[in-house]
Amino acid sequence: MMKSLFSSVVLVSVLFMNSFSEVQGGKWKGEGTTQNLESIVIGRCYDYIRIVNPAVGEKNCSAIWEAFKNAFINKDPCNILPDDYELFINLSFHTIPPNKSLFWENNQLLVNSFAGRGRRYMSLADTLFGFVADYLTWCGQANSTGLDYESCPTMEECENNAVESFWRKASATYAQHSSGVIHVLLNGSVVGGAYPEPGFFADYEIPNLQKDKVSRIVIWVVDDIEGPDIESCGTHTVKILENRLKTLGYDVTCTDNYKSVMFLLCLDYPDDSKCALSSSVFSVDGSLLSDGPFTDMGTI
Amino acid sequence: MMKWKDRGTTKNLQEVILGRCYSYVMARYPELGDKDCLKIWESLKHAFIYKNPCNITSEDYEPLMELATHPIPCNKSLLWSKTSDVVHRYTKSNQNFLTLEDTLLGYMADRVSWCGDPSDPGINYESCPKRSECESNPSSVFWKMASKLFAEAACGVVQVMLNGSVEAGAFRSSSIFGSIEIFNLNPDKVSEVHIWLMHDIGGPQSESCSGHSIKRLKSILEERNFKITCVDNYRPVQLLQCVHNPDHTDCRLCTNTTATP
């Protein structure tokens, strides 16, 4: 009798404890806060104002970090709202040169390369407010001023998490201050559609574009080199996007496989027929393909 | 404080270096997790602070080099000369190759400057010596040493991107590549050297693979027992050059599936 009572107590205790500890001790399913977050954010802030884009002038990087942190620490990590980052945006804001805004969906690495770190275009990640947070993860916890390094909530667990709300606020700000010719780079090989709804561009950027500041919207739909041509200008979700923008009163143009971007995609597929240059006579390894204007080439 | 001709130490150098170190280790190469960024910063600072900036030696940088160097995977080293813009755009778009500026040491130091001064606060934010003012300045000594170590670390196939549109010749013995890197490649580790000789799109074709300075480079390398190949306008890099010159005749695509905006 005593033994079986003891066993049930142990059993109940074990079950009780198990319901509290998640996998590996983390509360949430997503990656935890990036290590050394403060040093990275502050370092990137100074990197940006001293080296990447000194034209933005003097900024108080410690204050920017404090404002960033205060947006989400000591709060329920599932109750962080975009406007919690208002002070951070005010301190890190700078104007975006006209005709340089580049919006995108489903091609982040491509956009990074194409923008040229702000020299050709200034994507959100090339602004100070986007630069400091790019590729980082962060979240806090209720009733504690510490950052959670073990895990952070995913979108599925809750939408109003620190990272999601940050990018919603940053995207809205970026769109609000974009002017001149606006460019949008979409991926024509994605199964969900080149223009995703819901999506950042659809929900946080288009609604914040300023009609009186935007002269034209140029859409580029680019397929992966070896990917399927699922969508193009005038079809499916791209058509939906074009119509939406036109209805809003914007002057819209759309181009398939814009050459400049194609060349960038071709870097990984230099021998694909889509990437063959008519002036080029060599295969990637240097072996001669055909006679051409360059006669003294090859292995020495 | 002494007065020099080049720009001074980058303001907030400590924050920039620390941030880059953590970014590189945590966000880009987590397998380097054992790097102590604070120690790395301290060793950089002690290499030049309070010292006469014309008197810097490689010994000054030894602790930093020890802490910050890391192994490079074989076949990925990419050396370069007079092709800074395109070579770094290439490695950012194609993670198959690494220049010195893609290693932790180069990443931290790229586009940043520093020099010391014997008077307080020991760091000169106003100006730093140019090479013409004195050779043993903090920047020149740093890059020479880092380049030497980068070459020493290379294994397998080594790639080199040179500029065939430069009047003075694609290969110059006075460059860091020509004076330091080629002499520090280890013939026991490096099997081949592949030269990519790039011409500017629409630029002069001052030199090609059979050119005079390339022949000189070839003989220096062959004497050290390296096998050498050379390609004019290595296609993937030329494609990258075409991103900014899509309508140039050199960038005409064979297929007609593309359109200009």
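Now for a description of the structure that goes with this document. (Residues numbered from 1 in each chain as written. Chains lettered and ligands numbered in written order. Predicted model: local features only at pLDDT ≥ 70, side-chain atom pairs only at ≥ 80, totals over all residues. Heavy atoms only, no water.)

1. Thoughts on the state of the cysteines
By definition, a disulfide links the sulfur atoms of two cysteine residues through a covalent bond. All names here are of chain B. Put simply, the rule is: For the purposes of this analysis, a disulfide is any pair of cysteine sulfur atoms at a distance within 2.5 Å. Elements are defined by DSSP. Helices are runs of H or I of four residues or more, strands are runs of E of two residues or more, and each kind is numbered from the N terminus. Burial classes: relative accessible area under 20% of the type maximum marks a residue as buried, over 50% as exposed, and values in between as partly exposed (1.4 Å probe, protein chains only).
According to the stated counting rule, one finds eleven disulfides over all chains in the structure shown. Residue C54 pairs covalently with C134 via a disulfide, S to S 2.0 Å. What sets the handedness of the C54 and C134 disulfide is the S-S torsion sign, and at about -80° it is left-handed. Of the two residues, C54 sits in the loop between α2 (37-48) and α3 (58-68) while C134 sits in the loop between β3 (127-128) and α6 (138-153), which places them 80 residues apart along the sequence. Exposure remark for C54: the relative accessible area of 24% places this residue in the partly exposed category. A relative accessible area of 11% means that C134 is categorised as buried. Through a disulfide, C115 is tied to C128; the S-S separation comes to 2.1 Å.

2. Details of the environment of D256 of chain A
Our working definition: Two N or O atoms count as a polar contact when they lie within 3.5 Å, although within protein this holds only if one can serve as hydrogen donor and the other as acceptor, and sequence-adjacent residues are included solely when both atoms are side-chain atoms.
Within the secondary structure layout, D256 of chain A lies in strand β6 (residues 252-256). Engagement of the side chain of D256 of chain A in a polar contact is seen with the backbone nitrogen of C233 of chain A, the distance being 3.0 Å.

3. Observations regarding the layout of surface pockets
All names here are of chain A. The criterion, for reference: Every definition here rests on a 1 Å grid over the protein atoms only: cavities are sets of points where a 1.4 Å probe fits but cannot get out, pockets are open sets enclosed by protein on both sides within 12 Å along at least five of seven lines, and lining residues have some atom within 4 Å of a point. Grid points are joined across faces, edges and corners, and a volume is the space filled by probe spheres set on the points. Gly is placed with the polar residues, together with every amino acid not listed as nonpolar (Ala, Val, Leu, Ile, Met, Phe, Trp, Tyr, Cys and Pro) or charged (Asp, Glu, Lys and Arg).
Here the second largest pocket defines a volume of roughly 490 Å³. Along its surface, the second largest pocket is lined by 22 residues, and W104, Q108, D134, W167 and F200 are the ones closest to its centre. Secondary-structure elements contributing two or more residues to the lining of the second largest pocket are β2 (102-105), α5 (108-115), α7 (162-176) and α8 (200-205). Counting residues per element, the lining of the second largest pocket draws most heavily on α7, at five residues. The class makeup of the residues in the lining of the second largest pocket is 13 nonpolar, five polar and four charged.

4. Description of the pattern of salt bridges
Going by this rule: A pairing counts as a salt bridge when a side-chain nitrogen of Lys or Arg comes within 4 Å of a carboxyl oxygen of Asp or Glu.
Scanning the entire structure with this criterion turns up 18 salt bridges over all chains. Between D47 of chain A and R20 of chain B there is a salt bridge, with the nearest N and O atoms lying 2.7 Å from each other. Here D47 of chain A, found in helix α2 (residues 37-52), pairs with R20 of chain B, found in helix α1 (residues 13-28), and the two come from separate chains. We classify R20 of chain B as buried; its relative accessible area is 6%. Across the pair D85 of chain B and R89 of chain B runs a salt bridge, and its minimum N-O distance is 3.6 Å. Here the residue D85 of chain B and the residue R89 of chain B both occupy positions in helix α4 (residues 84-93), the gap between them amounting to four residues, near one helical turn. The partly exposed category is assigned to D85 of chain B, whose relative accessible area is 43%. You can call R89 of chain B buried: its relative accessible area is 15%. Shared partners join several salt bridges into a network, and the residues in it are D83, E86 and K169 of chain A.

5. Focus on the packing of α3 of chain B against α6 of chain B
For any two helices packed against each other, the geometry comes down to the angle between their axes and how far apart the axes lie. All names here are of chain B. Threshold: Working convention: axes come from line fits to C-alpha atoms, limited for helices to the stretch in contact. Angles between N-to-C directions cover 0 to 180 degrees. When an angle is under 35 degrees it counts as roughly parallel; over 145 it counts as roughly antiparallel; between 65 and 115 it counts as roughly perpendicular; any other value is oblique. When the near helix sits turned anticlockwise from the far one by under a right angle, the crossing is termed left-handed; a clockwise turn instead gives a right-handed crossing. The criterion used for residue contact is that any of the two residues' heavy atoms lie within 4.5 Å.
One can describe the packing of α3 onto α6 by two numbers: an axis separation of 10 Å at closest approach and a directional angle of 55°. Put simply, α3 runs oblique to α6. For the element pair α3 and α6, the recorded crossing hand is right-handed. Here S58, Y61, E62, L64 and M65 of α3 come into contact with α6, specifically with P138, S139, V141, F142, M145, A146 and L149. Residues belonging to the contact of α3 with α6 are distributed by class as follows: nine nonpolar, two polar and one charged.

6. With respect to the interface of chain A and chain B
The partner chain B presents 50 residues to the 52 residues of chain A that form the contact. Counting every contact that joins chain A to chain B gives four salt bridges. Linking chain A with chain B are eleven residue pairs in polar contact (both at pLDDT 80 or more). For the side of chain A that touches chain B, the elements supplying multiple residues, two or more each, are α2, α5, β6 and α10 (259-266) of chain A. The greatest single-element share of the side of chain A that touches chain B, amounting to ten residues, is contributed by α2 of chain A. Grouping the constituent residues of the side of chain A that touches chain B by class yields 23 nonpolar, 17 polar and twelve charged.

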